[in-house]
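# Structural characterization, general
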Amino acid sequence: MCRNIRPLNNFEPPATDDEVSAAALQFVRKIAGSTKPSKANEAAYDKAVAAITRASRELIDSLVTTAPPKDREEEAAKARARSAARYAS
């Protein structure tokens, strides 16, 4: 999976449509093997992003959990700490 795609489920506040769309775009870029489609493939690329965005939103909205919602700032701090440990010299 593309490392730029982040978990979006069970956050407070919930994932925005922009976040879901950005994850869908990253997914399409990964499986297409390019960051920008050619003019000939642009419509197919955009259609795939829209379809994956809809499916992802439906999934996120349908998931049920008993775990308490995660805090975005706390999760970001954990990610920064992991990154610092990984790239420490």
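Residues numbered from 1 in each chain as written. Predicted model: local features only at pLDDT ≥ 70, side-chain atom pairs only at ≥ 80, totals over all residues. Heavy atoms only, no water.

This next bit is on the packing of helix H1 (residues 17–32) against helix H2 (residues 42–62). At a minimum axis separation of 8 Å, H1 and H2 run at an interaxial angle of 130°. The orientation of H1 with respect to H2, classified from their angle, is oblique. Our pair here, H1 against H2, has a crossing hand that is right-handed. Between H1 and H2, the contacting residues are Asp17, Val20, Ser21, Ala24, Leu25, Phe27, Val28, Arg29 and Ala32 on the first element and Tyr45, Ala48, Val49, Ile52, Thr53, Ser56, Arg57 and Ile60 on the second. (Axes fitted to C-alpha atoms, helices over the stretch in contact; angles between N-to-C directions. Helix = DSSP H or I, 4+ residues; strand = E, 2+ residues; numbered from the N terminus. Parallel < 35°, antiparallel > 145°, perpendicular 65-115°, else oblique. Left-handed = near helix turned anticlockwise from the far one by under 90°. Contact = heavy atoms within 4.5 Å.)

On to unusual backbone geometry. Looking along the chain, the bond that leaves Glu12 and enters Pro13 is cis, with omega of 0°. Note that Pro13 resides in the loop between strand E1 (11–12) and H1. Even without being a glycine, Asn10 presents a positive backbone phi close to 65°. Within the secondary structure, Asn10 is located in the segment before E1.

These figures come from the coordinates and say nothing about function on their own.
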